[in-house]
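# What the coordinates show
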Amino acid sequence: VINCVGEHKNEKYFLNSNYIFVKKILKLIKLTNRCPILIHFSSCSIYQNTNNNIIYKNTKFSTKLSLYPKSKLLAEKYIISENKKKYFPCNSKS
């Protein structure tokens, strides 16, 4: 599953497109009890100090986020938290 969905122009749809949609994808994955690979495109705007356009594994998240990057970061954190749960079918711990 490749998630390229994202709304960055209309604030009315930020949360629905960038976060709620990801929750729905993961819910469907759980319901099918399959283990697809999920590739999720987020946004470099969630990081601080990206003036050189390079993001490293240890690049820190920005603490002052507008609504768009907040919605993208919520989705990332949700994916990570769901992957840690034992009932998630793709979790190697289950």
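What you see is a predicted model, and the numbers here were worked out from it, not measured in a lab. (Residues numbered from 1 in each chain as written. Predicted model: local features only at pLDDT ≥ 70, side-chain atom pairs only at ≥ 80, totals over all residues. Heavy atoms only, no water.)

### Remarks on the overall build of the protein
Each helix and strand counted, the protein has two helices and two strands in total. Along the chain direction, N to C, the helices and strands of the protein fall in the order β-α-β-α. Counting every position in the protein, which comprises 94 residues, the buried fraction comes to 28%. Intrachain contacts of the protein at a sequence separation of at least 6 include 60% that bridge at least 24 residues. Carbon together with sulfur atoms contributes 56% to the accessible area of the protein, which is approximately 7000 Å² in total. (Helix = DSSP H or I, 4+ residues; strand = E, 2+ residues; numbered from the N terminus. Buried < 20%, exposed > 50% of the residue type's maximum accessible area, 1.4 Å probe, protein only. Contact = heavy atoms within 4.5 Å. Areas by Shrake-Rupley, 256 points an atom, 1.4 Å probe, with all protein chains shown as cover.)

What is shown is where atoms sit, not what they do.
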